[in-house]
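Residues per chain are reported as follows:
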Amino acid sequence: MGSMRSGSRRSATARRSRFRAIETLETRQLMASNIASYLSPYIPTDLYVRNPETGQKESVSAASLYTHHNVNGALVSNEGKIVTGKDRAGDEWTITVHGPGKVIVTDTTPNDGALDDDIDTIQIVGSNINSTYVTGSTSASVRTLTDGLVNFNRLIATSGVKSVQLNGFDLTNQVSPAVSSTTGIYLLGGARSLEFHDIVGLFDTANGATPIQIQIGQANYPSNVKTSIYLDSIYNSVFDSNSTTIPTDPITSPWVQFTVNGVLQNFSIVSTTQSAVSPNYVEASQQGTVDVWTGVPVSGPAPAAYQFFYNVVGTTGRTSVQTVSVGNLKVRGSAKNFTVQRDTTPFTSSTSGVKSIRNADFGGTADGVALDVQGTIGRLRFRRGLGDSKGVFTSSTQTPSTDQNSETQTVLLPATKYGYPLGSTGYAADGLVSGAIRARRIGSLKATAANVSYVTAQNPDYVSLRGGGTPTVTSTFGDAITNSSITTTGSIGSVSVDGNLINSNVASGYDYQAHLQGLSTLRQPSRIRSYRQRGSLINSQVTASTTLNTNGSVTSADIGNGSITGHVDGNAYSTGGRSALGTYGAGVIARRKVGRLPVG
C-alpha cells in the first residue's frame, strides 16, 4: 500500500547542499583573546628611532625589517640604515642613519654572531655633511633594574656628518670585555653637531692607559663648517694602581682631549670632574663584576675617612679643548682641571691661544681652569666663583704654649676654614693657581661667590639673640676669585664681583705671556671702565697698566697710562700672602682712579 505523503518540491541538488561540510569549531586564538596583554609573553616588536628634526621617538616595527633569504637584511646584519642590539644587562639600543650613508656596529665580542655586549666601534660610511643625520636611542632592560645607558668605545666617520645624536650612549675606555682599540671619536670629515651622554675615563698609568680623543676634522684639511658639541658629564680620573704613595701632584697633560680643526660654535657640558666612583675599586673589581675590597667603599664617592686616598688635585685628569675659536662655552656645573686653547697646552707661546671666545659661562665652581685667548672674550661669567677657596688660609698667628713641655704653635686663620677632609680641597689649598685667563680684551666679567660666610656679634652676650643656644649669624658673600689671574693686554669693559678676591689679580694692560717669560708686562694704555665689588681685596690687586714688583712696592715708573672707575664696598688687606701673579700687597692701583677704590 503506497504512502499518501507527497515528496519535497526542492530539487535533489538543493537538498544535498545542506550537508556539504562539517561545522568547524572556534579557533583557540579567538577563545584566548580575552587574556590581559600584560600576561602575554614579551615580544620585542618595536624599535625606538628618533626623528632627527624633532628629537622625538618614533616606533618602527622590527617585523617590517625582516626579509627571507637575505643575510644582509636590516634585522640580522650589523650594518645598514637601522642597527639594533643590547648589552649583557639587557639594555637595548638602536642606531639609525637618516639620509645618505649607513652604520656598521661591532661589539666587544665580534665573533659570536650577536650584538649582545658593549659596543666596540660605531662606523658611519657614505655620509654627507649637509644631509646625514645619525640618531641613537636606548631603553632600559626589561629583566633587571638598570639605568638604560649603553657603553661604546669608538665612533668613526671618514666623511662628513651633519648631526650625530646618541641619546643614552656613554663613551668610555671601560667597556666590557676589554678591547685593544683606542677609545675616542674620530669624525675626520667634520660634523655640524655631536651629542651623546657622558664620557667616563679611568686611566691607569700602570697599565699603559692612553688619552681619550674627540677629533673633528683633520689638521691638514680643517673643516669649513662650525661644530657644536653637547654632553652631560665628563668623568676624568688618572691613577697608578702599582703606586703605594698617595697622588698629590696636579695632572697637567690632557687625558680627555677635544680637537676641533675649525670653529667650535657651541661647547656645552654639565660638568668635568674626577670620577664619582673611586677608580681603584672599579679596576680591581672588573667593572663591579667581582666583589673586591680595596680600602674604599664598593660604590659611590669616597667618604671623608678615605678621601685622602682619592686626592682631588692628584687624580683629576685634565680635560682640554683645542680649537681655532669658540662661540659659546657653557659648563653648567663644576669645571675641574679644564683648559681651552689652540695649542695642545695653554700659554706656551703668544700664538697658543684661540682667536676669540664670544661667551664663557661657568655655573659651578671653576677650579684649575685656563682660558688662553689671543683676541677678545666677549662675556665671561663665573656663577659660583673662580677657584675653590676651601682650606685656603689668609693669615696665621702664634699661640703661646699651655703646657710647659710644649712649644709655641702656629695657628692658621681664619678658623672657619678648618674641618675639610684631607684630599677634598682644590688647587688653591695646595698653593697652586686655580684659574688663569688671558685675552687681548674682555667685554664684561662677572663673578659670584663660591660660598657664603657667616659672622656673629663681637660681644658674647649677643651671639644668641633668640635663645635656645642657637647663634644669630649674619651672612655675607664669601670668596669669588681665589688664587687666580684675569689679565688683558688691552682694556676690560665692566667687572662685577660679589665676594672677596683672595690671592688674585684682575689686570688690564698686562702681558701675561711676558710675565711667564720674565719680561716687562707693561705694554700699552688701558682702562677698566667699570669695577664694582661687594667684598674685600685680600692679598689681591686690581690694576690698569701697572707693573707690580714681587715685594709689593710700586714706584712712579711702574704705573703706566691706565684708569679705573668703580666702587669697592670692602677694604684692602695685605696679610703677607702672594697673588697668582707672584706679587704682594692689596688694593686698586692705576694712574687715574674714580670712586671708592681702596689700597692696603
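Above this text you will find the structure in question.
Counting of residues starts from 1 at the beginning of each chain's written sequence and follows it residue by residue. It should be noted that, the model being predicted, local features are given only for residues of pLDDT at least 70 and side-chain atom pairs only at 80 or more, the latter also being counted only at that level, while totals for whole chains, interfaces and linings use all residues. The basis for every side-chain value is the complete set of non-hydrogen atoms in the structure, without hydrogens or water.

A closer look at the pattern of salt bridges
Any Lys or Arg side-chain nitrogen located within 4 Å of an Asp or Glu carboxyl oxygen qualifies as a salt bridge. Inspection of every chain in the model, using the stated rule, returns 9 salt bridges. Glu79 is the partner of Lys102 in a salt bridge, and the nearest nitrogen-oxygen pair spans 2.5 Å. Note that Lys102 is positioned in strand β6 (residues 102–107) and Glu79 in strand β3 (residues 79–80), a separation of 23 residues in sequence. Taking the shortest distance from any N to any O, the salt bridge between Arg534 and Asp498 comes out at 3.2 Å. One end of the pair, Arg534, is in strand β38 (residues 526–534); the other, Asp498, is in strand β35 (residues 492–498), and 36 residues separate them in sequence. Each residue's exposure class comes from its accessible area (1.4 Å probe, protein chains only) as a fraction of the maximum for that residue type: buried when under 20%, exposed when over 50%, partly exposed otherwise. Exposure remark for Asp498: the relative accessible area of 12% places this residue in the buried category. Taken together, the salt bridges that share partners define one network made up of Lys330, Asp361 and Arg383. We count a stretch as a helix when DSSP gives it H or I for four or more residues in a row; a strand needs E for two or more, and each element gets its number in order from the N terminus.

Re the side chain of Thr547
Within the fold, Thr547 resides in the loop between β40 (541–544) and β41 (562–568). Other than its neighbours up to four places away in sequence, Thr547 contacts Thr521, Leu522 and Asp558. Contacts are residue-level and defined by heavy atoms, with any inter-residue pair within 4.5 Å sufficient.

Examining a nonpolar patch on the surface
Judged by side-chain polarity, Tyr66, Leu75 and Val76 come together as a nonpolar surface patch covering roughly 280 Å² of accessible area. One can find Leu75 in the loop between β2 (57–61) and β3. In this structure Leu75 comes out as partly exposed when scored by relative accessible area, which is 34%. Patches here are clusters of residues that have more than 30% relative accessible area and form no salt bridge, with a 9 Å joining cutoff for like charges and a 5 Å cutoff for nonpolar side chains (Val, Leu, Ile, Met, Phe, Trp, Tyr). All accessibility values rest on the Shrake-Rupley procedure with a 1.4 Å probe; residue burial counts only the protein chains present in the view.

A closer look at a positive patch on the surface
Counted charges follow a simple rule, with Lys and Arg positive, Asp and Glu negative, and His plus the chain ends left uncounted. For charged residues, the charge sits on one atom: NZ in Lys, CZ in Arg, CG in Asp, CD in Glu. On the surface, Arg440, Arg441, Arg527 and Arg529 cluster together into a patch of positive charge. By the secondary structure assignment, Arg527 is in strand β38. Classification of Arg527 as partly exposed rests on a relative accessible area of 43%.

Here we look at the pairing of strand β37 (residues 505–508)
Burial along β37 is two-sided: Asn505 and Ala507 and Val506 and Ser508, pointing in opposite directions, are all buried. Sheet analysis places strand β34 (residues 484–488) next to β37, joined by 4 bridges and oriented parallel. Residue pairing across strands places Ile486 opposite Val506, the latter belonging to β37. Note: two strands are recorded as paired if DSSP finds a minimum of 2 bridges between them. Taken together, the 4 bridges between β37 and β40 define a ladder with parallel strand orientation. Each residue of the ladder has a partner; that of Asn505, found in β40, is Gln541.

Some thoughts on the nonpolar core
Counting 86 residues, the largest nonpolar core has Phe152, Leu194, Ile199, Phe258, Phe362 and Tyr531 as its most contacted members. Setting aside residues up to four positions removed in sequence, Phe362 forms contacts with Leu329, Val331, Ala335, Phe338, Val369, Leu371, Arg381, Phe382, Arg383 and Arg384. Residue types Ala, Val, Leu, Ile, Met, Phe, Trp, Tyr and Cys, when buried and joined through side-chain atoms within 4.5 Å, form a set referred to as a nonpolar core. Within the second largest apolar cluster, 7 residues are counted, among which are Phe347, Ala370, Ala436 and Tyr512.

Quick word on the environment of Thr315
As for its position among the elements, Thr315 is in helix α4 (residues 312–315). C-alpha of Thr315 to C-alpha of Thr248: the two residues are 67 residues apart in sequence and 7.7 Å apart in space.

Concerning the packing of aromatic side chains
Pairing of aromatic rings covers Phe, Tyr and Trp, the last through its six-membered ring, and needs centres within 6.5 Å; plane angles under 30 degrees mean stacked, over 60 mean edge-to-face, and all others mean tilted. Summed over all chains, the structure comprises 9 aromatic pairs. Between Phe258 and Phe267, the ring centres sit 5.1 Å apart and the planes meet at 80°, which makes this aromatic pair edge-to-face. For Phe267, a relative accessible area of 0% corresponds to the buried category. One aromatic cluster in this structure is built from Phe258, Phe267, Phe338, Phe362 and Phe382.

Concerning the pairing of strand β24 (residues 357–362)
Bridge count between strand β22 (residues 325–331) and β24: 5 bridges; the pairing is parallel. Within the sheet, the bridge partner assigned to Val326 lies in β24 and is Ile357. Alignment of β24 against strand β26 (residues 376–382), held across 5 bridges, turns out to be parallel. Paired with Asp361 across the two strands is Arg381, which belongs to β26.

Let's talk about the sheet that holds strand β36 (residues 500–502)
Strand order in this open sheet of 4 strands is β33-β36-β39-β42, and the pairing throughout is parallel. Two strands close off the open sheet at either side, each with one partner strand: β33 (479–482) and β42 (572–573). Sheet analysis places β33 next to β36, joined by 3 bridges and oriented parallel. If you follow Asp479 over to β36, its bridge partner there is Asn500.

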